[in-house]
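Structure at a glance
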Amino acid sequence: MLAFEKKFLEHCQKRKFFEKGERVLVAFSGGADSTALLHLLLAVRPVLKVELGAAHCNFQLRARASLLDERFCQKTCASHGIPFFVERFATAEIAKAQKTSIEETARNLRYDFFQRVMQEHGYDTLVTAHQANDNAETVLFNLFRGASLLGLGGIPERRAHILRPLLPFERYELLQYLHARHLPYRIDRSNFDIDYDRNFIRHKVIPLLEQRFEHKLVPSLLRLSQNAAELSEFVEHHIETLLRKKGLSLSHNAFEVKTLQKLTLFEQKELFKRALKKFGLSPTAQQLQSLTNLLCLQSGRKVVINSKLEVIRKGTHIYFVEKAAGEDHAR
């Protein structure tokens, strides 16, 4: 077993990722990262005693190259006796019909397919090949989009049945491993198109920063995202506790003003977020600020969230009032 394989095994054991006999489905695109993941799992399989399968999505977006990706994955799995599942999608046509972007459409198709394979063939866990560089790109992408502190959590290591065991490792480590094992992999040329924001961050922003702060940016962003995720977990627990308090329970779609005023601005905003989530809404930073401003205003003032919901300060409470269809909004 190579040194990097031992390092990967130790990480899996330390984090208690797998149980003996667990059936693990690998999201296998044929690219460098997923190829490295598949072979790492093959190397440690005798120790972890897990069963492996692989699933591949052919989005048919790159003509012959997409077909060659599929054949590469099928051949790789066959050579190692790994069950292989594949599905082809008319992705461009589906995106056009649904009026969604190619990226969003492919993501939805991918995870729907993986979920179906897991259910039909009895797999317990889906593993994806997201690694530290992917996480860095996600954190920067969210930062540039104006995410809050809690929105910088990056890619979670585990969510429900999805596991990402490569998150602590950088892309260069995986490439070194593939080279050491003389393992071929497929290259998706569309990943180099910097018209896409994520590719621009990957090929322009991160390399420029790495030139100045060599081998510091990606680990630092990984620590930041981990800290943000830990903070998010703490905040979630804390806000759930607050929502059980008298005056904050939302049982009648209302908060008590006096109770809210005793809290910090951060707590107030988080409570308003949870309240609007109840109505299926994700508020903007400006809306949250307007809502907290209600606590300093006179009774009768309101914030119009959209055509169907108003938040009104009335007497000792702040009420979330849904508007009936066709109701006159002029007052």
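The structure contained in this document is the topic of the report that follows. The shown structure was predicted, so the numbers you read here are calculated from the model rather than taken from an experiment.

This next bit is on the overall build of the chain. If you tally the helices and strands in the chain, you get 12 helices and 10 strands. Taking the principal axes of the C-alpha coordinates as reference, the chain spans close to 70 × 45 × 45 Å. Counting every position in the chain, which comprises 331 residues, the buried fraction comes to 42%. At a minimum sequence separation of 6, the contacts of the chain that also span at least 24 residues come to 66%. Total accessible area on the chain stands at roughly 18900 Å², and carbon and sulfur atoms take up 52% of it. Treating the 50 positive side-chain charges of the chain as one cloud and the 37 negative ones as another, the clouds have centres 3 Å apart.

Let's shift gears to the packing of helix H11 (residues 265–277) against helix H12 (residues 285–293). A packed helix pair is summarised by two numbers, namely the angle formed by the two axes and the spacing between the axes. H12 packs onto H11 with a crossing angle of 110° between their chain directions and a minimal axis gap of 10 Å. What the angle tells us is that H11 and H12 run roughly perpendicular. Helix-helix and strand crossings are classified by hand; for H11 and H12 the assignment is right-handed. Mapping the contact onto sequence places Leu265, Gln268, Lys269, Phe272, Lys273 and Leu276 in H11 and Leu288, Gln289, Leu291 and Thr292 in H12. Tallied by class, residues from the contact of H11 with H12 come to 5 nonpolar, 3 polar and 2 charged.

Cut-offs used in this document
- Residues numbered from 1 in each chain as written.
- Predicted model: local features only at pLDDT ≥ 70, side-chain atom pairs only at ≥ 80, totals over all residues.
- Heavy atoms only, no water.
- Helix = DSSP H or I, 4+ residues; strand = E, 2+ residues; numbered from the N terminus.
- Buried < 20%, exposed > 50% of the residue type's maximum accessible area, 1.4 Å probe, protein only.
- Contact = heavy atoms within 4.5 Å.
- Areas by Shrake-Rupley, 256 points an atom, 1.4 Å probe, with all protein chains shown as cover.
- Lys, Arg positive; Asp, Glu negative; His and termini not counted.
- Charge placed at Lys NZ, Arg CZ, Asp CG, Glu CD.
- Axes fitted to C-alpha atoms, helices over the stretch in contact; angles between N-to-C directions.
- Parallel < 35°, antiparallel > 145°, perpendicular 65-115°, else oblique.
- Left-handed = near helix turned anticlockwise from the far one by under 90°.
- Nonpolar A, V, L, I, M, F, W, Y, C, P; charged D, E, K, R; others polar.

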